[in-house]
Amino acid sequence: MTTQDRINDYWTGRAPSYAAYQLQPQRLVDDIAAWSKVWAGALPLPVGDVLDVGTGSGQVASILAGLGHRVTGIDLSLGMLDQARAAYPGPDFRLGDAVAPDFPPASFDAVTGRYVMWTLRDPALAVQNWMRLLRPGGTIAVVDSTWFPHGPQDFYDPSVWAALPLAQAADINQTAAVLSGAGLRDVTVTPLTTIHELDEKYGVAPNHEVQMQYLITGHL
Ligand SMILES: C[S@@+](CC[C@H](N)C(=O)[O-])C[C@H]1O[C@@H](n2cnc3c(N)ncnc32)[C@H](O)[C@@H]1O
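Fair warning: this is a prediction, and the values are worked out from it, not measured in the lab.

Thresholds, definitions, all that
- Residues numbered from 1 in each chain as written.
- Predicted model: local features only at pLDDT ≥ 70, side-chain atom pairs only at ≥ 80, totals over all residues.
- Heavy atoms only, no water.
- Helix = DSSP H or I, 4+ residues; strand = E, 2+ residues; numbered from the N terminus.
- Rg over C-alpha atoms; globule rule 2.2 N^0.38 Å.
- Buried < 20%, exposed > 50% of the residue type's maximum accessible area, 1.4 Å probe, protein only.
- Contact = heavy atoms within 4.5 Å.
- Areas by Shrake-Rupley, 256 points an atom, 1.4 Å probe, with all protein chains shown as cover.
- Lys, Arg positive; Asp, Glu negative; His and termini not counted.
- Charge placed at Lys NZ, Arg CZ, Asp CG, Glu CD.
- Pairing = 2+ DSSP bridges.
- Axes fitted to C-alpha atoms, helices over the stretch in contact; angles between N-to-C directions.
- Near = heavy atom within 4 Å.
- 1 Å grid on protein atoms, 1.4 Å probe; cavity = no way out; pocket = protein on both sides within 12 Å on 5 of 7 lines; lining within 4 Å.
- Sits in = over half its atoms within 2 Å of the grid points.
- Nonpolar A, V, L, I, M, F, W, Y, C, P; charged D, E, K, R; others polar.
- Points joined across faces, edges and corners; volume = space filled by probe spheres on them.
- Phe/Tyr/Trp six-rings, centres within 6.5 Å; stacked < 30°, edge-to-face > 60°.
- Lys NZ or Arg CZ within 6 Å of the ring centre and 35° of its normal.

Student: Before we go on, may I ask you to explain the overall build of the protein chain in this structure?
Tutor: Along the protein chain, the regular secondary structure elements total eight helices and seven strands. In terms of C-alpha radius of gyration, the protein chain reaches 16 Å, essentially the compact-globule figure of 17 Å for 220 residues. In terms of its C-alpha atoms, the protein chain occupies a principal-axis envelope of roughly 40 × 35 × 30 Å. Buried positions account for 52% of the 220 residues belonging to the protein chain. In the protein chain, 71% of the contacts between residues at least 6 apart in sequence involve partners at least 24 apart. As displayed, the protein chain offers around 9,500 Å² of accessible surface, 55% of which is attributable to carbon and sulfur atoms. Distance from the positive charge centre (13 side chains) to the negative charge centre (22 side chains) of the protein chain: 6 Å.

Student: Just to check I follow, could you spell out the sheet that holds strand S2 (residues 70–75) for this structure?
Tutor: What holds strands together in a sheet is hydrogen bonding between their backbones, with the strands either parallel or antiparallel. Taken in spatial order, the seven strands of this open sheet run S3-S2-S1-S4-S5-S7-S6, and their pairing is mixed. The open sheet is flanked by strand S3 (92–95) and strand S6 (185–191), the only strands paired with a single partner. Neighbouring strand axes in the sheet, compared pairwise and without regard to direction, differ in orientation by 20° on average.

Student: I tried to follow the site of the ligand on my own but got confused; where do I start?
Tutor: The environment of the ligand is made up of 22 residues, and the closest members are Tyr 18, Gly 54, Asp 75, Ala 98 and Arg 114. Contact with the protein chains removes 99% of the 590 Å² of surface that the ligand exposes when unbound. When atom positions are compared with the pocket grids, the ligand is found to occupy the largest cavity. No other element matches helix H1 (residues 3–22), which puts five residues into the shell around the ligand. Grouping the amino acids of the shell around the ligand by side-chain chemistry returns 10 nonpolar, eight polar and four charged.

Student: What is the right way to look at empty space enclosed by the protein in this model?
Tutor: Where empty space is left becomes clear once a probe the size of a water molecule has been rolled over the atoms. Applying the stated criterion across every chain, the model contains two cavities of 30 Å³ or more. Approximately 670 Å³ is the volume attributed to the largest cavity. Taken together, 42 residues form the lining of the largest cavity, with Trp 11, Tyr 18, Gly 54, Arg 114 and Tyr 115 sitting closest to its centre. Of the residues forming the lining of the largest cavity, the biggest block, eight residues, is contributed by H1. When its residues are assigned to classes, the lining of the largest cavity shows 18 nonpolar, 15 polar and nine charged. A volume near 30 Å³ is recorded for the second largest cavity.

Student: Even after reading the chapter, I still don't get the packing of aromatic side chains, so can you show me in this structure?
Tutor: Evaluated as defined, the whole model comprises 17 aromatic pairs. Note on Tyr 115 and Trp 147: the rings are 5.4 Å apart at their centroids and 85° apart in plane angle, and the pair reads as edge-to-face. Of the two residues, Tyr 115 sits in the loop between strand S4 (108–114) and helix H5 (123–133) while Trp 147 sits in the loop between strand S5 (134–144) and helix H6 (158–163), which places them 32 residues apart along the sequence. Judged by its relative accessible area of 19%, Tyr 115 is buried. On the basis of relative accessibility, which here comes to 5%, the residue Trp 147 falls in the buried class. Taken together, a centroid distance of 4.9 Å and an interplanar angle of 50° make the contact between Phe 155 and Tyr 156 tilted. A relative accessible area of 13% means that Phe 155 is categorised as buried. For Tyr 156, a relative accessible area of 4% puts it in the buried group. Taken together, Tyr 10, Trp 11, Tyr 18, Trp 118, Phe 148, Phe 155, Tyr 156 and Trp 161 form an aromatic cluster joined through their ring pairs. For the cation-ring pair, Arg 114 lies above Trp 35, with the distance from its terminal atom to the ring centre recorded as 4.6 Å.

Student: Mind showing me how you'd approach the side chain of Thr 55 here?
Tutor: For Thr 55, the position within the fold is in the loop between strand S1 (49–53) and helix H3 (59–66). By relative accessible area, Thr 55 is classed as buried at 7%. Those residues within four positions of Thr 55 in sequence are excluded, and the remaining contacts are Ala 61, Gly 73, Ile 74, Asp 75, Leu 81 and Phe 93.

Right, here's the structure in full:
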């Protein structure tokens, strides 16, 4: 079994509870309002073609579609894709590897990924591949945090933790450095204070702690 197989199995096992957590009624209303502002700021109009990598249960893809974008969401967890397709009819959800997405060059205006950079087996290669999918002037916009300040948690096998370059990042600038190292322009790190307030109000997912989340953007 490969590292990626182990990651996929974990997320498929967790998919029903992950989706249910995001679909709690009051939280959902507040999340959609807050995250719509985050993504509208990250990807200003005009409407474009957006690839959401590691789309999981589909919330980001749905919000981007709600903003008018044409959205494709890819994930390697079949369980997560089932949840996404059941909850959100708008985006095109497909099986696909975030590290090596299989699309023609210049297919998208933007690539997004929330809570994905930390769990990629090769984030630097992934960003290089995303850049090839972008049209001139395109945007990469990811959200992540330094989720695990107390070290590896037991939901992943130790061999998986050891294989993930950003899983134990102590500083969000390590994630930003992957975008700038790939050659993206104007890499910007923005703390998401509105999301932090929501996390303090509602709590965070199991195995996580309330942490400041950051939007990191860069342009081709
Ligand atoms: C923490 S979840 C985030 C889900 C979603 N982006 C969100 O914001 O709720 C991480 C997701 O990344 C997916 N993932 C991890 N590695 C992947 C890869 N190489 N290719 C595609 N999806 C991957 C997992 O299956 C899981 O759905």
